[in-house]
Amino acid sequence: MAVTAPECYYIKSGEVYRRMDKERLLYLLENDKSGQNSPAEAEELEAWYRSAELRPTFTDGLSADGLSALEDKLFARIQTVNAESEEWVDELPAGKSGWYGWGKIAAAVLFLIVAGLGLYTFQRQNGRITERTGFGETRVLILPDGSEVTLNGNSVLSYDAEWSELREVRLEGEGYFKVVHTKDHRKFRVRTGADFSLDVLGTQFNVSKRESGTRIVLDEGKVRCNLGNSESDTLVLRPGEMVQFRKKPSDYQRERVEKGLYSAWKDHKLVFKNTSLREVAGILRDTYGLETEASRPELLDRQISGSVPTDNVDLLLQGVAEASSVTITRDGDLLVIAPRSE
Amino acid sequence: MQTGDSEAFAALYRKYWRRLFDAAYRRILLREESEEIIQEIFVDLWAKRETLLISVSLEAYLFGALRYSIYNLIRSRKIREAYLEHLLQVPGDQNNYIEDRLHYEELARALESSVQNLPEKLRKVYLLSRKEHLTYKEIAEQEQIPVDTVEKQMGRALKILRENLKEFAWAWIALEMWGLYP
């Protein structure tokens, strides 16, 4: 996308600056992210960044008291978050890191049939709004408070038509949440089961509750996971962190992950990074309702990296097959993975 | 820093926070977002303190992280488009400066007057902890009172201050922290 900005200059302190416009800046920033700026464009962005030096210094205009109020307030914020993260490091039970890899867990449940029983129990209640997506379908929902939820395929989101003090939604499946902050600081809660929910105040994150387990990935903001019923059974997530567990929330595992990796589906692509075919099969089952069989079990250990489009399942499968040098044959809802005959 | 020394961390913070904050504020002219960016940079630094290998100077690293955060903020469209337009149009807008500086002056004033209004005993303990940077133990020795009394008094002082400074949202956390890190 080439955007040409009107050539516009201004002079300040004897230097000539090119005036930046919004589209141009966003264009340069996008390019900067993907490393596609030409040397001239990179210099243009740099010049814009530098031009701000012309503005006065904010803290110079503060009194000594104002300055120390700001210094202390900021430091306190930092220490608060630091202290919270230290807490959970201490809380992590030793030796829990044994089951690394979603893949191993997914392998054990790969051939289970999705049991939708849980869904109906709350769908029938009166005064509730229920939204569901079919296999392979993603849909963007706007909640009554303006929060946005992108629902991945084969997922159900439900909530009371009239929210009381608490904004609570229930999720089966996978959703990407952009929660807005309300003026009266009302809590937003996502519940995935009787024993697990999380509370947020204005944030972006991905929640996935599938047969294979529950997974929370936080992109921005702050969420608190409630692992049980007790007040103290909580953990606070920071951006870029993921928490997952198979059945019991208390057996959670926590790690740092690459931002966007787990929520790429909402932009109609799947991003893999050393992801095994076993994990891919889990996603295909959960989101597209496709069961996978491998002609040789070890094929499922193959790992792939890269991204594939999700709007078209056949293209997706083709991409996966390419990346892992296998053939994938589709027969209705059944996929058969076989080695490529050379 | 790499040994996880919190004193070294505090020293780094004191050395760099102001220049970082000014650099952020100049570019986005938003007080809260600037605070958030600086917070994230230091939280990140602390989280990575044992693994981070900086191949450039720490200063270059911090200002690089700052640039990255500012770019991200603008890219993520968390800044409203209309505001971005305004930001780019006006090279030396002073309005935000005045309003935002006022916020910190008010915070300082509100804190000061709340402290003045604390009951005598609580104020003394609070000031020794906050201004003289004494630990609870040191205060107990100096004032000839048990440590848990110091703790209780500090707790009461913080509770009162917190109540008084409610409208400053984050300020109450600041107070909490002074309690945690006397």
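Residues numbered from 1 in each chain as written. Chains lettered and ligands numbered in written order. Predicted model: local features only at pLDDT ≥ 70, side-chain atom pairs only at ≥ 80, totals over all residues. Heavy atoms only, no water.

## Describing the packing of aromatic side chains
- Here the structure, examined in full by the defined rule, presents 19 aromatic pairs over all chains.
- Here Y13 of chain B and F42 of chain B contribute two aromatic rings whose centre-to-centre distance is 5.3 Å and whose plane-to-plane angle is 70°, an arrangement assigned as edge-to-face. Remark: F42 of chain B occurs in helix α2 (residues 31-47) and Y13 of chain B occurs in helix α1 (residues 6-28); sequence separation between them is 29 residues. Summarising the burial analysis for this pair, Y13 of chain B and F42 of chain B share the class buried.
- One aromatic cluster is present, formed by F75 of chain A together with F9, Y13, W17, F42 and W46 of chain B through successive ring pairs.
- For R27 of chain B, the ring lying beneath its charged end belongs to Y49 of chain A, and the centroid distance is 3.8 Å.
- We note R101 of chain B situated over the ring of F58 of chain A; from NZ or CZ to the ring centre the distance is 5.4 Å. (Phe/Tyr/Trp six-rings, centres within 6.5 Å; stacked < 30°, edge-to-face > 60°. Helix = DSSP H or I, 4+ residues; strand = E, 2+ residues; numbered from the N terminus. Buried < 20%, exposed > 50% of the residue type's maximum accessible area, 1.4 Å probe, protein only. Lys NZ or Arg CZ within 6 Å of the ring centre and 35° of its normal.)

## Examining the interface of chain B and chain A
- On the side of chain A, 48 residues touch chain B, which itself brings 56 residues to the contact.
- Both faces combined, the contact of chain B with chain A buries some 5,600 Å², and carbon together with sulfur accounts for 59% of it.
- Its largest share of buried area at the contact with chain A, chain B owes to R26, R27 and R75 of chain B, together 14% of the area lost on that side.
- Remark: the boundary between chain B and chain A carries five salt bridges.
- The partner of R27 of chain B in a salt bridge is E53 of chain A, with the nearest N and O atoms 2.7 Å apart.
- Counting every contact that joins chain B to chain A gives 17 residue pairs in polar contact (both at pLDDT 80 or more).
- Contributing elements (two or more residues each) for the side of chain B that touches chain A: α1, α2, α3 (58-75), α4 (81-89), α5 (95-116) and α9 (171-180) of chain B.
- Looking at which element gives the most residues to the side of chain B that touches chain A, the answer is α1 of chain B, with 11 residues. (Contact = heavy atoms within 4.5 Å. Buried area = accessible area lost by both parts, 1.4 Å probe. Salt bridge = Lys/Arg side-chain N within 4 Å of Asp/Glu carboxyl O. Polar contact = N/O pair within 3.5 Å; in protein donor to acceptor, adjacent residues only side chain to side chain.)

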